[in-house]
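Survey of secondary and tertiary structure
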Amino acid sequence: MSTDASAKASPKQADTAPSLKDRGNLFEIAGRQVDKAMKLINLDDDVAQILAQPKNEIITNFPVRMDNGKFQIFKGYRVQHNNILGPYKGGIRYHHEANLDEMKALASWMTYKSALHEIPFGGGKGGIKVDPRQHSKTELERITRRFTAALGSNIGPEFDIPAPDVGTNEQTMVWMMDTYMNIVAQSERNSVRGVVTGKSVTSGGSYGRREATGQGVVHCITEWAKDKNFNLDGAHVIIQGFGNVGTYTARLLSQKGAVVVGVGDVGGYIANPEGINPHKLSEHVAKTGSVAGYKGATKVTREEFFGLEADIFVPAALELELGLKEAKALKVKMVVEGANGPTYPEAEDYLLGKGVDVIPDILCNSGGVIVSYYEWLQNKRSEQWDTADVLARLEKRMKQTYANVRQYAQAHKTDWRTASYAIGLERLQHCYRERGIFP
Ligand code: NAD
């Protein structure tokens with residue numbers, strides 16, 4: 001437990017949010033989603049078998065000295081799903097309910113996401129079973145460094161490249177990078193800066209990475225609005241999760257005239273039909289750790305939040321938040337998955353049946369991994385691209401993939417999630433057919 005008075009108070013879990021263990025097996029649900037696309041393209045059996053399980057599942061139990069001098073054991077994970085298209089790539093999550101099946105699902109989604117966007121990366125995911133809010137900065141630093149050392153050569157700039165995810169940030173990545181640099185030969189230190197992405201700019205990160213995922217979400221919303229002849233100016237938006245993804249999505253959408261009328265996070269839900277200022281809300285969250293108690297809005301229940309009058313819903317918190325009950329309550333025209341895996345398959349079927357568009361995670365929340373790829377390239381070349389350059393490249397790639405998915409979905413008369421997986425799977429299959437399986 002933290003002895004640092006500056007550690008944020010841990011907000012209470014939002015009223016009826018189910019615990020992760022009660023939400024079902026995420027890896028099994030992920031398998032059901034991808035199965036539909038495998039059938040659509042009649043995927044080769046051997047490729048299906050390879051993709052059905054991760055290549056490597058690493059679990060490490062490691063001790064860390066707490067501020068009070070006592071030791072605590074933590075459980076860390078790194079799952080490496082597939083690397084036929086390039087080094088394993090994916091976030092590091094700090095969450096008290098982190099578990100292996102969750103990591104396996106998240107790692108597999110990274111494989112399909114990179115394949116869909118034609119990024120030369122594979123899929124990985126990892127994390128620690130820890131509630132970061134319960135620890136001081138010094139404890140978090142020691143936890144991060146010890147975990148990185150425990151992973152050792154299981155990560156590396158040409159092998160497996162972590163990034164931030166739920167509960168981690170630029171600071172976490174800088175500690176990981178610095179630790180890794182200190183366990184390689186002195187002469188190699190500077191060449192391994194790209195072992196993680198999502199670093200601060202001063203420590204080798206990329207301009208534009210911080211807002212990249214939210215920006216990608218907003219590009220998809222903009223493309224959708226163009227297709228549907230829908231005016232974003234004045235559109236009402238509700239957002240669940242107000243961390244990296246939720247915050248930047250809210251800020252960038254409000255620049256387009258959209259009005260954020262409801263927000264929720266781990267501490268509670270708030271609403272204001274006149275609009276919530278995302279910048280002021282961010283300041284409140286920075287001070288208190290949650291959107292709860294924000295003066296410019298009224299407290300609502302989780303149930304009321306899902307039933308708010310809005311056009312767009314952006315889940316940007318955890319997986320499996322949108323079940324049938326929530327889907328039935330939603331009044332929106334579109335759901336844009338900023339979070340990974342927020343929607344149960346039966347909820348998606350219900351929404352699609354009602355004519356609500358669902359833009360899937362692997363298509364729309366990929367801004368982070370795309371700019372991570374640019375960061376990795378900049379590190380390799382010892383370059384620093386300016387913000388405009390990074391964001392222009394991101395926009396081009398997001399719009400190109402969006403157009404590819406739209407065309408594929410229309411041509412095959414299928415939903416966008418299946419189309420997105422199918423495009424990724426075709427690339428993976430093509431590569432396996434060319435390379436064969438060793439020996
Ligand atoms: P974050 O830690 O910055 O923010 C997470 C947010 O979710 C916080 O506001 C937290 O309070 C909220 N939350 C947690 N538990 C909740 C609950 N039970 N009910 C309601 N809200 C809850 O994390 P992030 O980086 O913004 O990631 C959010 C989602 O987006 C995750 O699914 C993540 O995998 C996905 N994602 C993140 C990135 C990235 O670049 N950070 C990229 C792609 C996808």
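Conventions we followed
- Residues numbered from 1 in each chain as written.
- Predicted model: local features only at pLDDT ≥ 70, side-chain atom pairs only at ≥ 80, totals over all residues.
- Heavy atoms only, no water.
- Buried < 20%, exposed > 50% of the residue type's maximum accessible area, 1.4 Å probe, protein only.
- Helix = DSSP H or I, 4+ residues; strand = E, 2+ residues; numbered from the N terminus.
- Pairing = 2+ DSSP bridges.
- Right-handed = clockwise from strand over helix to strand, strands pointing away.
- Expected span 1.5 Å × (residues − 1).
- Polar contact = N/O pair within 3.5 Å; in protein donor to acceptor, adjacent residues only side chain to side chain.
- Arc of directions from axis to C-beta.
- Contact = heavy atoms within 4.5 Å.
- Near = heavy atom within 4 Å.
- Areas by Shrake-Rupley, 256 points an atom, 1.4 Å probe, with all protein chains shown as cover.
- Axes fitted to C-alpha atoms, helices over the stretch in contact; angles between N-to-C directions.
- pLDDT = per-residue confidence, 0-100.
- Parallel < 35°, antiparallel > 145°, perpendicular 65-115°, else oblique.
- Left-handed = near helix turned anticlockwise from the far one by under 90°.
- Domains from an automatic or database assignment.
- Buried area = accessible area lost by both parts, 1.4 Å probe.
- Salt bridge = Lys/Arg side-chain N within 4 Å of Asp/Glu carboxyl O.
- Nonpolar A, V, L, I, M, F, W, Y, C, P; charged D, E, K, R; others polar.
- Phe/Tyr/Trp six-rings, centres within 6.5 Å; stacked < 30°, edge-to-face > 60°.
- Lys NZ or Arg CZ within 6 Å of the ring centre and 35° of its normal.

1. Looking at the pairing of strand β3 (residues 88-95)
Most of β3 sits out of view: eight of its eight residues are buried. Relative to strand β5 (residues 160-164), β3 runs parallel, the two being bridged by five bridges. By the bridge assignment, G90 is partnered in β5 with P162. Summarising the sheet, β3 and strand β4 (residues 123-129) pair through four bridges and their orientation is parallel. In the strand pairing of β4, I92 is matched with G126. Handedness of the β3-helix α3 (residues 100-116)-β4 crossover: right-handed.

2. Observations concerning helix α15 (residues 416-435)
Residues that lie three or four places apart on an α-helix share one face, since the helix turns once every 3.6 residues. In this model α15 runs 29 Å from its N-terminal to its C-terminal C-alpha over 20 residues, within 8% of the 28 Å that 1.5 Å per residue would give. Sitting at the amino-terminal end of α15 is D415, which places a side-chain oxygen 3.1 Å from the backbone nitrogen of R417. Note on α15: the residue one or two positions beyond its end, G436, has a positive phi of about 70°.

3. Digging into helix α4 (residues 137-151)
Its 15 residues give α4 an end-to-end C-alpha distance of 21 Å, which sits within 8% of 21 Å, the value for a rise of 1.5 Å per residue. Looking only at α4, the buried set comprises E139, L140, I143, T144, F147, T148 and L151. Viewed end-on, α4 has its buried residues packed into an arc of 165°, placing them on one side of the element. On its buried face, α4 sits against β1 (56-65), β2 (71-82), β3, β4 and α5 (170-183). Following α4 by one or two positions, G152 adopts a phi angle in the positive range, close to 50°.

4. Quick notes on the site of the ligand
The local shell around the ligand holds 25 residues, among which D165, T213, F242, N244 and N340 are the closest. Here an oxygen atom of the ligand and a side-chain polar atom of R93 are 3.0 Å apart. For the ligand, an oxygen atom lies 2.9 Å from a polar atom in the backbone of N244. Computed on the free molecule, the ligand has an accessible area of 830 Å², of which 91% lies beneath the protein chains in the complex. Of all the secondary-structure elements, those providing two or more residues to the shell around the ligand are α6 (209-228) and α7 (244-255).

5. A few points about the sheet that holds β4
Overall, mixed pairing links the five strands, which are arranged β1-β2-β4-β3-β5 in an open sheet. The two strands at the open ends of the sheet, each matched to only one other strand, are β1 and β5. Within the sheet, the average angular offset between the axes of one strand and its neighbour, ignoring direction, is 25°. Bridge analysis of β2 against β4 gives six bridges, and the strand direction is antiparallel. Looking across to β4, one finds that V79 is bridged to K125.

6. What about the side chain of S136?
Position of S136 relative to the elements: it lies in the loop between β4 and α4. We classify S136 as buried; its relative accessible area is 0%. A polar contact is formed between the side chain of S136 and the side chain of D67, at a distance of 2.5 Å.

7. Regarding the confidence of the model for the protein chain
Confidence in the prediction for the protein chain averages 95 pLDDT; 96% of positions are at 70 or higher. Counting contacts from residues 1-10, a segment whose pLDDT is below 50, to residues more than four positions away or on other chains yields 22 contacts.

8. Observations regarding the packing of helix α13 (residues 367-381) against helix α14 (residues 387-412)
Interaxial distance between α13 and α14 falls to 10 Å at its minimum, and their mutual angle equals 135°. Compared by their axis directions, α13 and α14 come out oblique. Of the two elements, α13 crosses α14, and the hand of that crossing is right-handed. Of the residues in α14, those in contact with G367, I370, V371, Y373, Y374 and Q378 of α13 are V390, R393, L394, R397 and M398.

9. Some remarks on the domain arrangement of the protein chain
As assigned here, the protein chain comprises domain 1 (20-203) and domain 2 (212-364). Look at where the C-alpha atoms of domain 1 and domain 2 centre, and you get two points 26 Å apart. Of the roughly 1500 Å² buried where domain 1 meets domain 2, counting both sides, 55% is carbon and sulfur surface. The largest contributions to the domain 1 side of the interface with domain 2 come from R23, W109 and K113, which together make up 33% of the buried area. Residues R32 and E346 are paired through a salt bridge, measuring 3.2 Å at the closest nitrogen-oxygen approach. For the interface between domain 1 and domain 2, the tally reads nine residue pairs in polar contact (both at pLDDT 80 or more). Broken down by element, the residue count for the side of domain 1 that touches domain 2 peaks at six residues, all from α3. A class-by-class count of the residues in the side of domain 1 that touches domain 2 yields eight nonpolar, four polar and eight charged.

10. Some thoughts on unusual backbone geometry
With an omega of 5°, the peptide bond running from F438 to P439 counts as cis. Following the sequence through the fold, P439 ends up in the segment after α15. Look at N42: it is not a glycine, yet its phi comes out positive at around 55°. Of note, N42 is situated in the loop between α1 (26-41) and α2 (45-51). In this structure, N229 takes a positive phi of about 55° despite not being glycine. With respect to the helices and strands, the residue N229 is situated in the loop between α6 and β6 (236-240).

11. A look at the side chain of S420
Examined against the element boundaries, S420 turns out to sit in helix α15. Beyond its immediate stretch of four places on either side in the chain, S420 contacts L116, P360, I362, L363 and V405.

12. Quick look at the packing of aromatic side chains
Evaluated as defined, the whole model comprises 15 aromatic pairs. Look at Y373 and Y374: their rings are 5.8 Å apart centre to centre, the planes differ by 40°, and that puts the pair in the tilted class. An identical accessibility class is assigned to Y373 and Y374; each is buried. Among the aromatic side chains, those forming a connected cluster through ring pairs are F121, Y373, Y374, W376 and W385. Lying across the ring of F121, K89 places its NZ or CZ 6.0 Å from the centre. Taking the ring centre of Y248 as reference, the NZ or CZ of R251 above it sits at 5.0 Å.

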